[in-house]
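The lines below spell out each chain.
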Amino acid sequence: MNQPLAASQADALLTALCDHHTDNISTEPHYLALLREAESYSRHDKAAHMTPDLAPYSLLGMQLAVLHQGNLLSAELYPRLKQAESDTLNWFKTCFDLPHAHFSHGGSDNNLQALWQSRDYSSSGRKIVYASEARHYSIDKACRILGLDLVLIRCDVDDRIDITALETACRKRAPLAIIMTAGTSAAGAVDPIQPASDIASKYQSWLHVDAAWGGALLMLPEHRDSLMRLTQLDSVGFDPHKSLFQPRPCSVYLSRHAPRHSLQTDYLNNTPSDRVTGSYGAEMFLPLWLNLKILGEEWFYQQTRARLEQAQLFSELLRKRNIKTWNGGSGIICFEADGEAFDTLVASGFLSKAKMNQNTVYRAVFAGIRTQAEALFRVLPLSP
Ligand SMILES: Cc1ncc(COP(=O)(O)O)c(C=O)c1O
């Protein structure tokens, strides 16, 4: 009941439900292929992308969300739902030590939100945004939408922003905002946030951390301190639907600054805040809320540690075979290898390919509880 139905069970259920229709969906080839496609990723050894297994009570949480169609733009009508939302947001506020937070649809929205907020917050008229060459492309989109000028800063060999190059750029032209990535999309590298915060403070620039992928790592009590010390951190975006075992959409935007309320409507009791996300409801947080209530936050930390350990083990197994390997620390392992056999694994969803400093590497993403280093290692075409 708590886990998503297996494809065969979903098939049986739909067949029973659709029995009274003349065209039974379970005989429809596209529908069957869809079920098979979903099931083909329920394995220990498929690690191509950021698609986590779900925490145990997610399905029940989704069920609750479907039953509760409340729209939290009119929160006064749904006090219980609002309370569940606040309880869940409070966890994130504590972990990231930031006072303002809201749920959103994803990391792209959060990056747009951060740059929008930074532009409205600043009276400097600056338009420059600095981000590393390994930033997510949603930063480029956000800059285009907002009319800001994105300048890319080179990365070091491990895909992290070159902090000296960032400082030099700031000295030449102070930016509106600096973007740090905690968990780059390709290599899972974590930019040096603490030195960047000193630079942002010196040049009075907004510091946004795109932790869409790496946020789960930053939330761990053993890593939190390094983030808490950041007095100049202005905003963070984090996607529990990537690395905290949540169904999509579940994303959170946090900020040191209160949102503005510059917009008016003639049909809502309360003025909406300036946020990218429009109407929204339980789907963004009830699965997480329910899992938190039943399992507690420690469960999430343990699962995160477990998947990071699997990633570490996978990189050790590769290194033992003298394969050049990068472990960015947030659950993505990149490695160099030759041969069409590896490309076949990419085509079938075991691995993906990515670019680090213009070089193509293979990439394994440890997003799920299920993904196991040894199982993935066994499918690699390596000589005995
Ligand atoms: C670092 C980073 N930021 C932002 C995003 C965009 O997130 P979303 O797909 O939830 O919009 C991604 C997606 O992979 C990402 O890796």
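For the structure, see preceding data.
Q: It is not clear to me how helix α7 (residues 163-172) should be interpreted in this structure. Could you clarify?
A: For an α-helix, the turn length of 3.6 residues means that residues three or four places apart are oriented alike. Burial in α7 covers these residues: A165, L166, E167, A169 and C170. If you follow the buried residues of α7, they end up packed against β2 (128-132), β3 (149-153), β4 (177-181) and α8 (193-202). Between the side-chain oxygen at the start of α7 and the backbone nitrogen of T164 there is a gap of 3.0 Å, and the oxygen is on D162.

Q: Just checking my understanding: could you explain the site of the ligand for this structure?
A: Lining the immediate surroundings of the ligand are 15 residues, of which S108, S185, D210, D239 and K242 lie closest. G107 places a polar main-chain atom, nitrogen or oxygen, 2.9 Å from an oxygen atom of the ligand. Contacts to the ligand include H241, whose side-chain N or O atom sits 3.2 Å from an oxygen atom. Taking 390 Å² as the accessible area of the ligand by itself, protein coverage stands at 82%. When residues of the shell around the ligand are traced back to their parent elements, those giving at least two are α5 (107-121) and α11 (240-243).

Q: For this particular structure, what's the right way to read the nonpolar core?
A: Note that soluble globular proteins tend to have their nonpolar side chains buried in a common cluster. Core analysis: the largest hydrophobic core is formed by 56 residues, its most contacted members being W91, F92, F96, L166, M180, F285 and F300. Considering each element in turn, this core owes the most residues, seven residues, to helix α4 (residues 79-96). Both of domain 2 (60-295) and domain 3 (298-379) provide at least three residues apiece to this core. Core analysis: the second largest hydrophobic core is formed by 19 residues, I323, I333, F350 and L380 among them.

Q: Looking at this structure, I do not really get the layout of surface pockets. What am I missing?
A: Vacant regions in the atomic arrangement are exposed by a probe of water-molecule size rolled over the atoms. Estimated volume of the second largest pocket: approximately 670 Å³. Lining the second largest pocket are 35 residues, and of these P259, H261, P272, S273 and R275 lie nearest its centre. Residue assignment for the lining of the second largest pocket shows that the elements contributing at least two residues are α4, β1 (100-104), α5 and β7 (251-255). The leading source of residues in the lining of the second largest pocket is α5, at five residues. Considered class by class, the residues forming the lining of the second largest pocket number 15 nonpolar, 12 polar and eight charged.

Q: I would appreciate a short explanation of the pairing of strand β6 (residues 235-238) in the present structure.
A: Side chains on a regular strand alternate between the two faces of the sheet. With burial as the criterion, each face of β6 is covered, one bearing S235 and G237 and the other bearing V236 and F238. Both strand β5 (residues 206-211) and β6 contribute to a ladder of four bridges, which runs parallel. The residue bridging H208 from the neighbouring strand is S235, located in β6. Where β6 lies against β7, four bridges are found, and the strand directions are antiparallel. For G237, the partnering residue across the bridge sits in β7 and is Y253.

Q: Help me understand the side chain of R307, please; the structure alone is not making it clear to me.
A: For R307, the position within the fold is in helix α13 (residues 297-320). As a buried residue without a salt bridge, R307 has its nearest oppositely charged side chain in D53, at a separation of 9.0 Å. Polar side-chain contacts of R307 include one of 2.9 Å to the backbone oxygen of F366. Not counting chain neighbours up to four residues away, the residues in contact with R307 comprise W213, A216, S243, F245, S330, G331, F366, A367 and G368.

Q: I keep staring at the sheet that holds β1 and nothing clicks. Help me out?
A: Each strand in a sheet pairs with its neighbour through backbone hydrogen bonds, running either in the same direction (parallel) or in the opposite one (antiparallel). The seven strands are arranged β1-β7-β6-β5-β4-β2-β3 in an open sheet whose pairing can be described as mixed. Of all strands in the sheet, those with a lone pairing partner are β1 and β3, marking the two edges. Averaged over all adjacent pairs, the angle separating strand axes in this sheet is 20°, with direction ignored. Where β2 meets β3, five bridges bridge the pair, whose relative direction is parallel. Within β3, the position partnered with Y130 by the bridge is V151. Along the sheet face, α4 touches β1, β6 and β7 and points at about 120° away from the line of β1.

Rules behind the numbers
Along each chain, residue indices are assigned from 1 in the same order as the chain's sequence is written. Only residues with pLDDT of at least 70 get local features here, since the model is predicted, and only at 80 or more are side-chain atom pairs given and counted; chain-wide, interface and lining totals rely on the full set of residues. By convention in this description, side-chain values take in all heavy atoms of the structure and omit both hydrogens and water. For each residue, the accessible area found with a 1.4 Å probe, counting protein chains only, is set against the maximum for its type, and the residue is called buried under 20%, exposed over 50%, and partly exposed in between. We count a stretch as a helix when DSSP gives it H or I for four or more residues in a row; a strand needs E for two or more, and each element gets its number in order from the N terminus. Any two residues whose heavy atoms approach within 4.5 Å at even a single point are treated as in contact. Polar contacts, as counted here, are pairs of nitrogen or oxygen atoms within 3.5 Å of one another; within protein the pair requires one atom able to donate a hydrogen and one able to accept it, and residues that are adjacent in sequence qualify only if both atoms are side-chain atoms. Being near a molecule or strand, for a residue, means having at least one of its heavy atoms within 4 Å of it. Each accessible area value is a Shrake-Rupley result obtained with a 1.4 Å probe; residue values ignore everything except the protein chains displayed when judging cover. Side-chain atoms within 4.5 Å link the members of a nonpolar core, which is a set of buried Ala, Val, Leu, Ile, Met, Phe, Trp, Tyr and Cys residues. The start and end points of each domain follow an automatic or database-based domain assignment. In the cavity and pocket records, a cavity denotes points on a 1 Å grid over the protein atoms alone where a 1.4 Å probe fits but cannot get out, a pocket denotes an open set with protein on both sides within 12 Å along at least 5 of 7 lines, and lining residues are residues with an atom within 4 Å of a point. Grid points are joined across faces, edges and corners, and a volume is the space filled by probe spheres set on the points. Under this grouping Gly is polar, as are all residues other than the nonpolar Ala, Val, Leu, Ile, Met, Phe, Trp, Tyr, Cys and Pro and the charged Asp, Glu, Lys and Arg. For two strands to count as paired, DSSP must find a minimum of two bridges between them. Positive: Lys, Arg. Negative: Asp, Glu. His and the chain ends are not part of the count. Only one rule defines a salt bridge in this text: a Lys or Arg side-chain nitrogen within 4 Å of an Asp or Glu carboxyl oxygen. The angle between two axes is taken between their N-to-C directions and runs from 0 to 180 degrees, where each axis is a line fitted to C-alpha atoms and a helix contributes only its stretch in contact.

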